[in-house]
Amino acid sequence: MDLQSRKDLLRNSPYFSHLDDAVINAVCRSTDVRSCPSGARIFTEGHDEGEAALHFVVEGVVKVYKLSTDGREQVLRLFYPGDTFADVAAFDGGPYPASADAFENATVLRISRRMLQSLMQQYPEIAVGASQIMAARLRHMTSLVEDLSLRRVMSRVARLLMENRAGAGLTQTQMATMVGTAREMVNRSLRSLEDQGAIQLTSGGIAVLDTGKLAEIVEAG
């Protein structure tokens, strides 16, 4: 990944969009880039991996998730090119609160916590971008808790298909880990959504036919 590509990535982030080129160049020189094949572990919950870092997705998709003691997986979110993740550990210096894997072949850029803290002391404006991102994370987690606690499985599946960029390309097992249910329940929900004309199940995956219908199902809970 060349210098200009790194600059473009950082320039489009709320963290650094307001910084001038000289500062962006300095940040770029302190970053490292890692290629992660599909399924590769990026970091593990409860570990600090040497030093926490702010991560950017350059290419591919990254899955952030938690595992129960009996091995059940709950996907918290998928992150796409331009997204940041591991923000919490990067700011508080503690261990990672969840694990992250490459959901598909991915390239990840990292900025160390040490560099991030130094930049924030010099440029308090970075905290403004951080507050926007943290607020968005909180909204997402609030919605996730609401979905798992209050919504029917079919409503959760409908929301996933509406809001997730890769939704139509997910397997039913992957969808189940994201909506907190069994694969069989996802299959039943998809069949029902197809019967209602919202989607079409094909050999290649799921085709969304009527986003308005999906929105009605989400709204109904």
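Just so we're clear, the structure is a prediction, and the values are computed from it rather than from any experiment.

Parameters and conventions
- Residues numbered from 1 in each chain as written.
- Predicted model: local features only at pLDDT ≥ 70, side-chain atom pairs only at ≥ 80, totals over all residues.
- Heavy atoms only, no water.
- Helix = DSSP H or I, 4+ residues; strand = E, 2+ residues; numbered from the N terminus.
- Rg over C-alpha atoms; globule rule 2.2 N^0.38 Å.
- Buried < 20%, exposed > 50% of the residue type's maximum accessible area, 1.4 Å probe, protein only.
- Contact = heavy atoms within 4.5 Å.
- Areas by Shrake-Rupley, 256 points an atom, 1.4 Å probe, with all protein chains shown as cover.
- Phe/Tyr/Trp six-rings, centres within 6.5 Å; stacked < 30°, edge-to-face > 60°.
- Lys NZ or Arg CZ within 6 Å of the ring centre and 35° of its normal.
- Pairing = 2+ DSSP bridges.
- Axes fitted to C-alpha atoms, helices over the stretch in contact; angles between N-to-C directions.
- Arc of directions from axis to C-beta.
- Polar contact = N/O pair within 3.5 Å; in protein donor to acceptor, adjacent residues only side chain to side chain.
- 1 Å grid on protein atoms, 1.4 Å probe; cavity = no way out; pocket = protein on both sides within 12 Å on 5 of 7 lines; lining within 4 Å.
- Points joined across faces, edges and corners; volume = space filled by probe spheres on them.
- Nonpolar A, V, L, I, M, F, W, Y, C, P; charged D, E, K, R; others polar.
- Core = buried A, V, L, I, M, F, W, Y, C linked by side-chain atoms within 4.5 Å.

Our focus in this paragraph is the overall build of the chain. Within the chain, the regular secondary structure consists of 9 helices and 10 strands. In terms of overall size, the chain behaves like a compact globule, its C-alpha atoms giving a radius of gyration of 19 Å where 221 residues would be expected to give roughly 17 Å. Referenced to the eigenvectors of the C-alpha coordinate spread, the extents of the chain come out at roughly 55 × 35 × 30 Å. Scored against the burial criterion, the 221 residues of the chain give a buried share of 42%. Restricting to contacts in the chain with at least 6 residues of sequence separation, those with at least 24 account for 67%. Just so you have it, the chain exposes about 11100 Å², and 49% of that area is on carbon and sulfur atoms.

Per the counting criterion, the structure on display carries 6 aromatic pairs. Ring geometry for Phe 16 versus Phe 56: centroids 6.3 Å apart, planes at 35°, classification tilted. A residue pair is termed long-range when its members are at least 10 positions apart, and Phe 16 in the loop between α1 (3–11) and α2 (21–29) and Phe 56 in strand β3 (residues 53–59) qualify at 40 residues. Here a set of aromatic residues connected by ring pairs shows up, and it is made of Tyr 15, Phe 16, Phe 56 and Phe 91. We note Lys 63 situated over the ring of Tyr 65; from NZ or CZ to the ring centre the distance is 4.8 Å.

Take the sheet that holds strand β2 (residues 41–43) next. Judged by pairing direction, the sheet is antiparallel, and its 4 strands sit side by side in the order β2-β7-β4-β5 without closing on themselves. Strand pairing shows two members of the sheet lacking a second neighbour, β2 and β5 (73–79), which therefore form its edges. Each adjacent strand pair in this sheet contributes to an overall mean axis angle of 30°, direction not counted.

One open sheet holds the 4 strands; their spatial order is β1-β8-β3-β6, and the pairing between them is antiparallel. Across the chains shown, the open sheet's two edge strands, defined by having one partner strand only, are β1 (32–36) and β6 (84–85). Taken together, the 2 bridges between β3 and β6 define a ladder with antiparallel strand orientation. Looking at the pairing, Phe 56 lines up with Thr 84 of β6. Those strands touched by helix α4 (residues 113–122) are β3 and β8 (106–112), and its axis lies near 55° from that of β8.

Right, let's talk about helix α9 (residues 211–220) for a bit. Within α9, burial applies to Leu 214, Ile 217 and Val 218. Along the long axis of α9, the arc covered by the buried residues comes to 100°, so they all point the same way. What points out from α9, more than 90 degrees from its buried face, is the exposed set Glu 216, Glu 219 and Ala 220. Summarising the contacts, the buried residues of α9 are in contact with α6 (153–163), α8 (183–195), β9 (199–202) and β10 (205–208). Two or three places before Gly 212, at the start of α9, stands the capping residue Asp 210, its side-chain oxygen 3.0 Å from that residue's backbone nitrogen. Gly 221 lies just past α9 and shows a positive phi near 80°.

There is about 370 Å³ of room inside the second largest pocket. Lining the second largest pocket are 18 residues, with Val 64, Leu 76, Val 88, Pro 97 and Arg 137 sitting closest to its centre. Listing elements by their share of the lining of the second largest pocket, those giving two or more residues are β4 (62–67), β5, α3 (87–92) and α5 (125–150). Of the residues forming the lining of the second largest pocket, the biggest block, 4 residues, is contributed by α5. A class-by-class count of the residues in the lining of the second largest pocket yields 13 nonpolar, 1 polar and 4 charged.

Another aspect to go through is the nonpolar core. In this structure, Leu 78, Val 157, Leu 161, Met 175, Leu 190, Leu 193 and Ile 199 are the most contacted members of the largest nonpolar core, which totals 26 residues. Counting only elements with at least two residues in this core, the list comes to β5, α6, α7 (172–179), α8 and α9. Looking at this core element by element, the count peaks at 6 residues for α6. In this structure Val 157 touches Met 175, Val 179, Val 186, Ser 189, Leu 190 and Leu 193, once residues within four positions along its chain are discounted.

Note that all results are geometric; they support no functional claim without further evidence.
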